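Residue-level structure breakdown
Given next are the chains, with one letter for each unit.
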Amino acid sequence: SAVGRGPEVPFSSEAYKVTAASRGKELRLTLAPLGPGPSQALVFRFGMSGSFRLCAASSLPRHAHLRFFTRESPPRALCFVDPRRFGTWRLGEAWQPDRGPCVLLEYPAFRENVLKNLEDKAFDRPICEALLNQKYFNGIGNYLRAEILYRAKIPPFEKARTVLEALKQQQQDSSLTLSKKLKLKRDNPDLLELCHTVPMEVVAADKNLFDPFDSDNYAAFKNWLQCYLVPGMSSLRDRSNRTIWFQGEPGPMAPKGQTSRKKHARLKADPEAPTPTVTTRAGGAKKPPKPAVKEEEEKAVPDGSKRGRAHGRKKAAAAPTLSEPDAPVRAKRNRTSARRGRGEGGGP
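Read on for an overview of the structure. Source: prediction; values computed, not measured.

1. Overview of the overall build of the protein
The number of helices and strands found in the protein is 10 helices and 10 strands. Contacts in the protein between residues far apart in sequence, at least 24 positions, make up 62% of those at least 6 positions apart. Carbon and sulfur atoms make up 53% of the accessible area of the protein, which amounts to about 20,900 Å² in all.

Okay, here's the thing in structure tokens:
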């Protein structure tokens, strides 16, 4: 598309087939001509909102940045759709070299890669941050790390090496018989096993589980979640400014100066209930809070914006004490409200 950020695809064929293979957070498409000619491979990363959709060619979805058209009548199009344009594709068939084995399809290699590299400084960090390191946990993202740590009953800000060295010692314990090891594995899956089985639950579920445009399927996804965005769970920001959801104590490496926030329980009781409009003293209506899912890719508000909010509140509070006629006071309030509407005074 005209606004797509990916490179042009130098491929032309009267008829070809598309095949796909995945590895962690990457997907490789191979375009193979049905007649003579070379194939072309593309490797995709999906960002937060990328997906593929097959639809009628006459009604392409918005943000369809790459399209593969069928020759049937009426034709259809396989589209790479990405509203936020965080997703990318690159030419060639090579996976990114700094990504480890896939947690889904290469589980034994994934497990070995983690346990044999515990001296890496990546494991000096809290376990919730280490789980997003694609060099070792290729395929684990923000919602999966919350679900995995919740099921493993591990505080998110426990040191990663402390958690994983315990698994290594348990694996080397010669006092356990094979049958006891198998029973322990079945009844109490460890963190690395959950890194495989939890995403497998998602893959094995209905193929439209994550379709945000289908309210029924999106509701099924929300019901599957046990921790991430679930009312009553606590949340903190990690050092990368991403929100981690958890239950209980955060752990010894929790960031200082933050207070744990809890998602309001009313959202679960009535998720479709409208957010009430709050009127400020300056006469403007506050914007409703942004959804928690969207907040994952946003950065903290700069200090300058906070000063702007305080300045706006000070002006609004001082207005009633001025000895001016009513009309100028109202005008001043409207100007303050307008600034807030433009984002100068801050959000909710």
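2. Side note on the packing of aromatic side chains
Under the criterion given, the structure shown has 15 aromatic pairs. On the basis of an interplanar angle of 75° and a centroid distance of 6.1 Å, the ring pair of phenylalanine 46 and phenylalanine 52 is categorised as edge-to-face. For phenylalanine 46, a relative accessible area of 22% corresponds to the partly exposed category. Each ring, one from phenylalanine 46 and one from phenylalanine 80, has its centre 5.8 Å from the other, and the planes form 65°; the classification is edge-to-face. Taken together, the residues phenylalanine 46 in the loop between strand 3 (40-45) and strand 4 (51-56) and phenylalanine 80 in strand 6 (residues 76-81) connect sequence positions 34 residues apart. When its relative accessible area of 1% is taken as the criterion, phenylalanine 80 is described as buried. Three or more aromatic residues joined by ring pairs make a cluster, and in this case those are Phe44, Phe46, Phe52, Phe80 and Trp89.

3. As for the nonpolar core
Ranked by internal contacts, the top residues of the largest apolar core, which has 44 residues, are Val114, Phe123, Phe137, Leu164 and Leu191. Secondary structure elements with two or more residues in this core: helix 1 (107-115), helix 2 (127-130), helix 3 (142-152), helix 4 (160-172), helix 6 (191-204), helix 7 (215-224) and strand 9 (243-246). By residue number, the principal contributor to this core is helix 6, which donates six residues. Ignoring anything within four residues of it in the chain, the contact list for valine 114 reads Phe123, Tyr136, Phe137, Leu164 and Leu192. One finds Leu29, Phe44, Phe68 and Trp89 within the second-largest nonpolar core, a separate group that totals 10 residues.

4. Examining the sheet that holds strand 6
Strand order in the open sheet made by the three strands is 4-6-5, with antiparallel pairing throughout. Each edge of the open sheet carries a strand with a single partner, namely strand 4 and strand 5 (64-69). On average, each strand axis in the sheet is inclined to that of its neighbour by 25°, with strand direction left out of account. Where strand 4 meets strand 6, six bridges bridge the pair, whose relative direction is antiparallel. Of the residues in strand 6, the one forming a bridge with phenylalanine 52 is phenylalanine 80.

5. Observations concerning helix 3
Note: α-helices contain 3.6 residues per turn, so residues at a spacing of three or four share the same orientation. Listing the buried residues of helix 3 in full gives Asn142, Leu144, Arg145, Ala146, Glu147, Ile148 and Leu149. Among the residues trailing helix 3, lysine 153 stands out with phi positive, at a value near 55°.

6. What to know about the state of the cysteines
The tally for this structure, following the rule as stated, stands at zero disulfides. Considering cysteine sulfurs only, cysteine 55 is the nearest to cysteine 79, which forms no disulfide, with 4.0 Å between them.

7. A look at the packing of helix 1 against helix 6
Contact geometry of helix 1 with helix 6 gives a least axis separation of 10 Å together with a crossing angle of 145°. Every pair of crossing elements has a handedness; the one defined by helix 1 and helix 6 is right-handed. Contacts between helix 1 and helix 6 involve Tyr107, Phe110, Arg111, Val114 and Leu115 from the first element and Leu192, Glu193, Cys195 and His196 from the second. Its residues assigned to classes, the contact of helix 1 with helix 6 comprises six nonpolar, one polar and two charged.

Rules used throughout
- Residues numbered from 1 in each chain as written.
- Predicted model: local features only at pLDDT ≥ 70, side-chain atom pairs only at ≥ 80, totals over all residues.
- Heavy atoms only, no water.
- Helix = DSSP H or I, 4+ residues; strand = E, 2+ residues; numbered from the N terminus.
- Contact = heavy atoms within 4.5 Å.
- Areas by Shrake-Rupley, 256 points an atom, 1.4 Å probe, with all protein chains shown as cover.
- Phe/Tyr/Trp six-rings, centres within 6.5 Å; stacked < 30°, edge-to-face > 60°.
- Buried < 20%, exposed > 50% of the residue type's maximum accessible area, 1.4 Å probe, protein only.
- Core = buried A, V, L, I, M, F, W, Y, C linked by side-chain atoms within 4.5 Å.
- Pairing = 2+ DSSP bridges.
- Axes fitted to C-alpha atoms, helices over the stretch in contact; angles between N-to-C directions.
- Disulfide = S-S within 2.5 Å.
- Left-handed = near helix turned anticlockwise from the far one by under 90°.
- Nonpolar A, V, L, I, M, F, W, Y, C, P; charged D, E, K, R; others polar.

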